[in-house]
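# Structural overview for review
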Amino acid sequence: MSNEEIGARVGCDAEWIRNVSGIDERRFAREDESVVDLALRAAEDCLQRAKMKASDLGMIVVSSGSWDRQFPGPAASVASKLGLAATPSLDVPMASAGTLFGISLASRLCEGLGPILVIGAEKMSKIVNREPMERGVAILFGDGAGACLVHPTEGFAKVVDCGLYTDGAYSDDLKLPFESPIEMNGRSVILQASRKIPRAIAQLLEQQGRKAADVAVFLMHQANQNLIARVAQALEVAEDKFYSNIRNFGNTSSASMLIAAAEWSHTHKLAPGEALCFAAFGAGFHWGALLAEGSD
Amino acid sequence: MDRRAKILEIVQKVSGKPLSPAPDESLFDSGLLDSFALPDMVGELEKSFGVKIPDADLAPRKFDSIERIERYLEEHSH
C-alpha cells in the first residue's frame with residue numbers, strides 16, 4: 001500500500017506522509033490472513049534459520065495488539081499450528097513494546113524452560129480502516145510479523161541486561177478501544193518517547209559501563225523516522241547507527257523491532273563482544289531497552 | 001533579551017522559519033509547528049532557560065503558545 005494509495009483514502013499527499021513519518025509504503029496482509037497466519041510464517045522461518053524444531057521449544061511468547069478476540073489470544077493457536085499440544089504459550093498484548101518485553105522475559109525464563117520463541121505479529125490494516133479514519137494515524141501502520149529465538153546457551157548474541165518501564169499515567173494517550181480506531185495523542189507520544197527512549201538506552205549503557213558510540217547497531221521499534229532521528233540525536237550518535245526499514249514497512253507495532261532485527265541480521269554480523277541495543281516504546285506507556293553483545 | 005523574545009527565538013529556531021506568532025496564538029494545534037518541533041522546542045527551552053522540565057509536566061497544551069510557555073517558565077523558575 002503506497003503513500004499515494006493510503007493518502008487518497010485519508011485526504012493527504014504522498015510527500016506529506018513521507019515528511020511526517022519517513023514511510024513510502026507499507027504491507028497489508030490479505031483479507032483472509034490472520035495474526036496467527038503471520039505469526040506462523042515468522043515462527044517457521046526463525047526455527048528453520050536456527051535449525052531447530054518446534055518440539056525443541058520450552059515456551060512460545062506472542063506479542064500482538066491487533067488480535068481480533070478478547071480471549072484466548074493468538075499464542076495458543078500459533079503453538080497448535082506449530083504442532084505443539086502442551087508447550088506453554090504466553091500472550092503479550094502490549095502493542096509496540098511487546099516484543100522487547102517478550103525477549104527480556106524470555107532471557108530470564110529460558111534457563112529453566114529451554115529455548116523460547118518470541119514472536120510479534122500484527123494486522124494493523126484492519127484497524128486503520130475503521131471509521132472515522134484519522135489521517136495522522138491511518139498512514140502510519142502496516143502488517144507484519146517477526147520472530148526471535150532466545151536460547152539458554154547459544155545464539156549470535158548474548159543478552160547482557162535490560163531496562164523495562166511502565167507509566168500508566170499516559171494509558172489514555174495511545175489506545176485501541178474494541179471495534180474502534182486507534183486513538184492517539186500524537187504530540188504526547190512524540191514528547192514522551194523522544195525523552196524516555198534515549199534515557200532508557202543511556203541508563204542501561206551506563207550501568208554496563210558502555211557508551212552509545214560503542215554500540216554497533218540500535219534496533220529500535222520502527223514508529224517514525226523523525227523519532228528515530230531524535231533518539232539518535234539525543235544519544236549523540238549518527239542516525240544510521242539506528243537500523244531503519246520503516247520506509248518499506250511502516251509501523252508494524254510490536255512486530256517492527258523484530259522485522260528490523262531480522263532484516264539487519266541477514267546482511268550483518270556481530271563481532272564477539274560487539275554491542276547491539278534493542279529499544280521500544282508503546283501504548284501504556286511501556287518502554288525500555290535491551291543490551292546484547294556478540295557471542296564468541 | 002527578555003523571556004518572551006527568547007521564546008520567540010526558540011520557536012523560529014525549531015521551525016526553521018521567521019515566524020511571528022501572536023503571544024496567544026496556537027503553535028501546534030494550528031499546524032504552525034509540526035509535532036516533532038515540540039520535543040525540539042522543549043529541549044531548547046531547557047538549555048536556554050536552565051530549567052529541567054520533568055516528563056510529568058510534558059502536557060502538549062502547556063507549550064502551545066508563547067504565552068503558555070512563558071507562564072510555565074514563570075511558575076517553574078527558581
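Right above here is the structure, for reference.
In what follows, the accompanying structure is described.

What counts as what
- Residues numbered from 1 in each chain as written.
- Chains lettered and ligands numbered in written order.
- Predicted model: local features only at pLDDT ≥ 70, side-chain atom pairs only at ≥ 80, totals over all residues.
- Helix = DSSP H or I, 4+ residues; strand = E, 2+ residues; numbered from the N terminus.
- Rg over C-alpha atoms; globule rule 2.2 N^0.38 Å.
- Contact = placed C-beta atoms within 7 Å.
- Buried ≥ 20, exposed ≤ 12 C-beta atoms within 10 Å, placed from the backbone.
- Pairing = 2+ DSSP bridges.
- Axes fitted to C-alpha atoms, helices over the stretch in contact; angles between N-to-C directions.
- Nonpolar A, V, L, I, M, F, W, Y, C, P; charged D, E, K, R; others polar.
- Core = buried A, V, L, I, M, F, W, Y, C linked by C-beta atoms within 7 Å.
- Parallel < 35°, antiparallel > 145°, perpendicular 65-115°, else oblique.
- Left-handed = near helix turned anticlockwise from the far one by under 90°.

With that out of the way, let us pick up the overall build of chain B. Assigned secondary structure in chain B consists of three helices and zero strands. Its helices and strands in sequence order give chain B the pattern α-α-α, from N to C terminus. A compact globule built from 78 residues would reach a C-alpha radius of gyration of about 12 Å, and chain B, at 11 Å, matches this within 12%. Seen through its C-alpha atoms, chain B measures out along the principal axes to roughly 30 × 30 × 20 Å. Within chain B, contacts between residues separated by at least 24 positions form 56% of all contacts whose residues are at least 6 apart in sequence.

All right, on to the overall build of chain A then. Scanning chain A from terminus to terminus reveals 11 helices and 10 strands. Its C-alpha radius of gyration of 18 Å places chain A within 12% of the 19 Å reference for a compact globule of 296 residues. Burial analysis of chain A (296 residues in total) assigns 51% to the buried set. In chain A, of all internal contacts separated by at least 6 residues, the share reaching a separation of at least 24 is 76%.

All names here are of chain A. Taken in spatial order, the four strands line up as β5-β10-β9-β8 in an open sheet, and their pairing is mixed. A strand with exactly one partner marks an edge of an open sheet, and here the two such strands are β5 (157-166) and β8 (215-220). For this sheet, the mean inter-axis angle between neighbouring strands, taken without regard to orientation, is 15 degrees. As paired elements, strand β9 (residues 275-282) and strand β10 (residues 286-294) share eight bridges and run antiparallel to each other. Paired with Ala 280 across the bridge in β10 is Gly 288. The strands touched by helix α5 (residues 98-113) are β5, β9 and β10; relative to β10, the strand with the most contacts, the crossing angle is about 55 degrees.

This part takes up the sheet that holds strand β3 (residues 116-122) of chain A. All names here are of chain A. The strand order β2-β1-β3-β4 describes an open sheet built from four strands, whose pairing is mixed. At either margin of the open sheet sits one strand with a lone partner, and together these are β2 (89-92) and β4 (144-150). The sheet shows a mean angle of 15 degrees between the axes of neighbouring strands, direction not considered. The pairing of strand β1 (residues 59-63) with β3 spans five bridges and is parallel. Its bridge partner being in β3, Ser 63 is matched across the sheet by Gly 120. Packing of helix α4 (residues 74-81) onto the sheet brings it into contact with β1, β2 and β3, and relative to β2 it is tilted by some 140 degrees. Relative to β3, α5 is tilted by about 165 degrees, and along the sheet it contacts β1, β2, β3 and β4.

Interfaces are often sized by the accessible area lost when the parts come together. At the interface, 12 residues of chain A touch 10 residues of chain B. For the side of chain A that touches chain B, the secondary structure elements donating two or more residues are α8 (186-207) and α9 (225-235) of chain A. Looking at the side of chain A that touches chain B element by element, the count peaks at nine residues for α8 of chain A. Taken together, the residues that form the side of chain A that touches chain B break down as three nonpolar, five polar and four charged.

Attention shifts here to the nonpolar core. All names here are of chain A. One finds Ala 39, Val 78 and Ile 119 to be the most contacted residues of the largest nonpolar core, which totals 115 residues. If one sorts the elements of this core by residue count, α8 sits on top with nine residues. Excluding anything up to four places from it in sequence, Ile 119 contacts Ala 39, Ala 42, Ala 43, Val 61, Val 62, Ser 63, Val 78, Ala 145 and Ala 147.

This part takes up the packing of helix α1 (residues 3-15) of chain B against helix α2 (residues 37-49) of chain B. For any two helices packed against each other, one specifies the crossing angle of their axes together with the interaxial distance. All names here are of chain B. At their nearest, the axes of α1 and α2 sit 9 Å apart, and the two run at 140 degrees to each other. Taken together, the axes of α1 and α2 lie oblique to each other. Crossing of α1 against α2: the hand is right-handed. For the pair α1 and α2, contact is made by Lys 6, Ile 10, Val 11, Lys 13, Val 14 and Ser 15 and by Ala 37, Asp 40, Met 41, Glu 44, Leu 45 and Ser 48, respectively. In terms of residue class, the contact of α1 with α2 is built from six nonpolar, two polar and four charged.

As a further point, take the packing of helix α3 (residues 35-50) of chain A against α4 of chain A. Residue and element names in this part refer to chain A. Running from N to C, α3 and α4 point in directions that differ by 50 degrees, and their axes come no closer than 9 Å. When the interaxial angle is binned, α3 and α4 end up oblique. Every pair of crossing elements has a handedness; the one defined by α3 and α4 is right-handed. The residues of α4 that touch α3, namely those facing Val 35, Val 36, Ala 39, Leu 40 and Ala 43, are Pro 74, Ser 77, Val 78 and Lys 81.

The next subject is the pairing of β9 of chain A. Along any regular strand the residues' side chains alternate between the sheet's two faces. Residue and element names in this part refer to chain A. By the criterion of burial, β9 is predominantly enclosed, with eight of the eight residues buried. Bridging between β8 and β9 involves five bridges; their strand directions are parallel. Directly across from Leu 219, in β9, lies its bridge partner Phe 278. Where β9 folds back on β10, the antiparallel hairpin that results is connected by three residues, among which Gly 284 adopts a positive phi of roughly 150 degrees.

This next bit is on the environment of Ser 80 of chain A. All names here are of chain A. The topology assignment puts Ser 80 in helix α4. Residue classification places Ser 80 among the partly exposed residues on the basis of 14 C-beta atoms within 10 Å. In sequence terms Ser 80 and Leu 40 are 40 residues apart; their C-alpha atoms lie 10.0 Å from each other.

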